[in-house]
Every structure is written in C-alpha cells, then in structure tokens.
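Understanding the architecture of this molecule
Each chain, written out:
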Amino acid sequence: MAAPAKRDPALIGPRRVLGSWLWKIEEGTLRASPAIARAFRVDPERAKIGLPLDDYIHAVHPDDREAFDIEVSKAVAISGEFWAEYRVVAHDGSVRWLWDRGQCVVSKAGRPIEYMGVVIDITFGAHHDLDDAADHLMAAREIAAAAGQNDLRFMIDMALLEVGRVAVPEPGRLSPGRER
C-alpha cells in the first residue's frame, strides 16, 4: 500500500481517533465503533452487533485492497499483530487515510480467535490536532483499563507511542497477549 508522503508523526499533521474494533474470526464478524462504521460506509447500529468483514472491505480504496487483504491474511497466519495504512472512499467520493492496528487473541492451542484494535484518521487537513487525538486515546485507555480489557489497553498504548505519547506501564504487565 502506498502511504502518505511524510511518515514522521510531527510532519503528518492532524490525526483523529475513530475508535476501536473487534473481529471475531470464527464467527466471521467485525464489530466497530460508530465513527469507524461511518468511515467504512457501514450502518453504525449494525456495526455494534457485528457484520461480516466483507461489509467493511468494499470501502477500502481499490488500489489498496489487495495489499490490505495480504496484511490481514499475514496477521492471521502468524496469529500476530495487524498494522496497516490505507485509504477508504466515503459515500461522497472523498478519500481518507487510515492508520489501523490490531492485536490477536489466541486460544490455549495457539489458534487465533479474535483481533481487537484501533483506527486513527491520518488524512492531511483533519480538524483535530495530534494532542487532541492523544487525549482521546488516553481517555479510551482509562476506560479499557477500568473494564479489564488489557489487550485493548495494550493496543491503545501502541497507538499512543505512534502519536508521541507514552502511558505509564503497570507493574507486572509485560505481555500484550492473553489466552482463552
């Protein structure tokens, strides 16, 4: 996938946190926050319940779709982290650049069960600045921690690193993954 011309976070310009997503691999459903659903031209109410991944993929820019599919397949094959920058096409034809990061949750047998992650709009000229995005991530981190969602909190920590903030690590929390 091609990426925005300037990759240094200080040069990329404004970023906006769209929210989080959860992909249940065996069920074949992806649940997403309302802003992510809207970015992918999906009904936000249906996105809360969970829709097939294909319902989201149609919004990925045609020039980025093959590379996006490869990144998803690669992540699932190794039960590893998913990371991608790609474009989506809105209903009005406008194009947005997204930064997407997800972490795999594996079974005790090591089989991937689900992915959870976050999406940030990194389109040049967005209306929120980098500090605003980081503040939203910090708030989301607190909510994830209070809810006991350690994997999501880890993903938010990774996103914070990408936008130049570091959350204070908690004692004894060395591994991002969890088993079920």
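Now for a quick tour of the structure. This is a predicted model, so every value here is computed, not measured.

1. Observations concerning the overall build of the protein
Along the protein, the regular secondary structure elements total 7 helices and 6 strands. When the helices and strands of the protein are listed from N to C terminus, the series reads α-β-β-α-α-β-α-α-β-β-β-α-α. Out of the 180 residues in the protein, the part that is buried amounts to 45%. Contacts in the protein between residues at least 24 apart in sequence constitute 56% of all its contacts with a sequence separation of at least 6.

2. Thoughts on the nonpolar core
Soluble globular proteins: nonpolar side chains tend toward being buried together. By size, the foremost hydrophobic cluster in this structure holds 29 residues, and its most contacted members are Trp21, Phe40, Tyr56, Phe82 and Tyr86. Counting only elements with at least two residues in this core, the list comes to β1 (16-24), β2 (29-32), α2 (34-39), α4 (54-57), α5 (62-77), β4 (82-89), β5 (95-106) and β6 (112-121). If you look at the next biggest cluster of nonpolar residues, it comprises 15 residues, including Met116, Leu137, Leu152 and Ala159.

3. Brief notes about the pattern of salt bridges
Tallying each qualifying case throughout the model produces 8 salt bridges. Residues glutamate 45 and lysine 48 are paired through a salt bridge, measuring 3.3 Å at the closest nitrogen-oxygen approach. Separated by 3 residues within a single helix, glutamate 45 and lysine 48 lie in helix α3 (residues 44-49), roughly one turn from each other. On the basis of relative accessible area, glutamate 45 is assigned to the partly exposed category, the value being 48%. A relative accessible area of 49% places lysine 48 in the partly exposed class. Between arginine 87 and aspartate 64 there is a salt bridge whose closest N-O contact spans 2.8 Å.

4. Re empty space enclosed by the protein
Over the atoms, a rolled probe matching the size of one water molecule traces out where space is still vacant. As enumerated under the stated definition, the model contains 1 cavity of 30 Å³ or more in all. A volume near 200 Å³ is recorded for the largest cavity. Lining the largest cavity are 18 residues, and of these Trp21, Leu30, Leu53, Phe68 and Asp100 sit closest to its centre. For the lining of the largest cavity, the elements supplying multiple residues, two or more each, are β1, β2, α4, α5, β4 and β6. Ranked by residue count, the leading element in the lining of the largest cavity is α5, at 4 residues. When the residues that make up the lining of the largest cavity are grouped by side-chain class, the tally is 17 nonpolar, no polar and 1 charged.

5. Considerations on the packing of aromatic side chains
Considering all chains together, one arrives at 6 aromatic pairs under this definition. A ring pair is formed by phenylalanine 40 and tyrosine 86, whose centres lie 6.3 Å apart and whose planes are at 55°; its orientation type is tilted. Here phenylalanine 40 is found in the loop between α2 and α3, whereas its partner tyrosine 86 is found in strand β4, with 46 residues between them in sequence. Comparing phenylalanine 40 with tyrosine 86 shows no difference in burial state: the two are buried. On the basis of an interplanar angle of 70° and a centroid distance of 4.8 Å, the ring pair of phenylalanine 68 and tyrosine 86 is categorised as edge-to-face. Placement of the pair is phenylalanine 68 in helix α5 and tyrosine 86 in strand β4, with a sequence separation of 18 residues. Given the relative accessible area of 0%, tyrosine 86 is considered buried.

About the thresholds
Residues numbered from 1 in each chain as written. Predicted model: local features only at pLDDT ≥ 70, side-chain atom pairs only at ≥ 80, totals over all residues. Heavy atoms only, no water. Helix = DSSP H or I, 4+ residues; strand = E, 2+ residues; numbered from the N terminus. Buried < 20%, exposed > 50% of the residue type's maximum accessible area, 1.4 Å probe, protein only. Contact = heavy atoms within 4.5 Å. Core = buried A, V, L, I, M, F, W, Y, C linked by side-chain atoms within 4.5 Å. Salt bridge = Lys/Arg side-chain N within 4 Å of Asp/Glu carboxyl O. 1 Å grid on protein atoms, 1.4 Å probe; cavity = no way out; pocket = protein on both sides within 12 Å on 5 of 7 lines; lining within 4 Å. Points joined across faces, edges and corners; volume = space filled by probe spheres on them. Nonpolar A, V, L, I, M, F, W, Y, C, P; charged D, E, K, R; others polar. Phe/Tyr/Trp six-rings, centres within 6.5 Å; stacked < 30°, edge-to-face > 60°.

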